[in-house]
Amino acid sequence: METSRAIDLLQALAQDTRLAVWRFLVRAGPEETPAGVIARHLGIAPPVLSFHLSCLARCGLVVSRRHGRHVMYAADLNVMKDLTDFLVEDCCLGFDAGAEPTIFVTES
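Analysis parameters
- Residues numbered from 1 in each chain as written.
- Predicted model: local features only at pLDDT ≥ 70, side-chain atom pairs only at ≥ 80, totals over all residues.
- Heavy atoms only, no water.
- Patch = residues over 30% accessible without salt bridge, like charges linked within 9 Å, V, L, I, M, F, W, Y side chains within 5 Å.
- Areas by Shrake-Rupley, 256 points an atom, 1.4 Å probe, with all protein chains shown as cover.
- Salt bridge = Lys/Arg side-chain N within 4 Å of Asp/Glu carboxyl O.
- Helix = DSSP H or I, 4+ residues; strand = E, 2+ residues; numbered from the N terminus.
- Buried < 20%, exposed > 50% of the residue type's maximum accessible area, 1.4 Å probe, protein only.
- Pairing = 2+ DSSP bridges.
- Lys, Arg positive; Asp, Glu negative; His and termini not counted.
- Contact = heavy atoms within 4.5 Å.
- pLDDT = per-residue confidence, 0-100.
- Expected span 1.5 Å × (residues − 1).
- Arc of directions from axis to C-beta.
- Polar contact = N/O pair within 3.5 Å; in protein donor to acceptor, adjacent residues only side chain to side chain.

The next subject is a nonpolar patch on the surface. A grouping of L10, L87 and V88 is seen on the molecular surface, where their side chains present a nonpolar patch of about 260 Å² in accessible area. Inspection of the secondary structure puts L10 in helix α1 (residues 3-13). The class for L10 is partly exposed, based on a relative accessible area of 38%.

Right, here's the structure in full:
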């Protein structure tokens, strides 16, 4: 995963309403959930929820599908797995606790 992609995903989740929506959809599992159910459960006005769902969908954290009059949403857990893999890919490579820390700078 590119660093810029990880930053986009983290930015999308770095807002309390979007994080609450994401966590709700994760708890729902693979079941698609209508936007109205999400709005009622979380106490979010439908236009506000729509704004946040489109932000999460734009970066790929949620997927949507029209089902009749309703738009159904589900968390894309593969995207989150890619993000968490990226975040821990250098975990436990080992370092000398007495040595000066190495600072890694990446180009974005």
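Throughout the structure, instances matching the rule amount to two salt bridges. Here E32 makes a salt bridge to R65, at a shortest N to O gap of 2.4 Å. Remark: R65 occurs in strand β2 (residues 62-67) and E32 occurs in the loop between α2 (16-28) and β1 (33-34); sequence separation between them is 33 residues. With its nearest N and O atoms 2.7 Å apart, the salt bridge here joins D85 to K81. Of the two residues, D85 and K81 both sit in helix α5 (residues 77-88), four residues apart, roughly one turn of that helix.

One open sheet accounts for three strands, arranged β1-β3-β2; its pairing is antiparallel. Of all strands in the sheet, those with a lone pairing partner are β1 and β2, marking the two edges.

What follows deals with the side chain of R18. Secondary-structure assignment places R18 in helix α2. Nearest to the buried, unbridged R18 among oppositely charged side chains is D16, at 7.9 Å. Among residues more than four places away in sequence, those in contact with R18 are Q11, A12, F51, H52, C55 and L56.

Glancing now at the pairing of strand β3 (residues 70-75). In this sheet, β3 lies alongside β1 in antiparallel orientation, the contact comprising two bridges. Counterpart to P34 in the pairing with β3 is M72. Examined bridge by bridge, β2 and β3 share six bridges and lie antiparallel to one another. Looking at the pairing, V62 lines up with A75 of β3.

With 86% of its residues at a pLDDT of at least 70, the chain reaches an overall mean of 89. For the chain, the element scoring lowest by mean pLDDT is β2, at 92; α2 scores highest, at 96.

Turning to the side chain of H52, a few remarks are in order. For H52, the position within the fold is in helix α4 (residues 46-58). A relative accessible area of 6% means that H52 is categorised as buried. In contact with H52, other than residues within four places in its own chain, are Q15, T17 and R18.

Right, let's get into α2. Spanning 13 residues, α2 covers 18 Å between terminal C-alpha atoms, matching the ideal 18 Å at 1.5 Å per step. Listing the buried residues of α2 in full gives T17, R18, V21, W22, F24 and L25. All buried residues of α2 lie within an arc of 160° about the axis, which places them on one face of the element. Opposite the buried face of α2, at more than 90 degrees from it, the exposed residues are D16, R23 and R27. N-capping of α2 is provided by Q15, with a side-chain oxygen placed 2.8 Å from the backbone N of T17.

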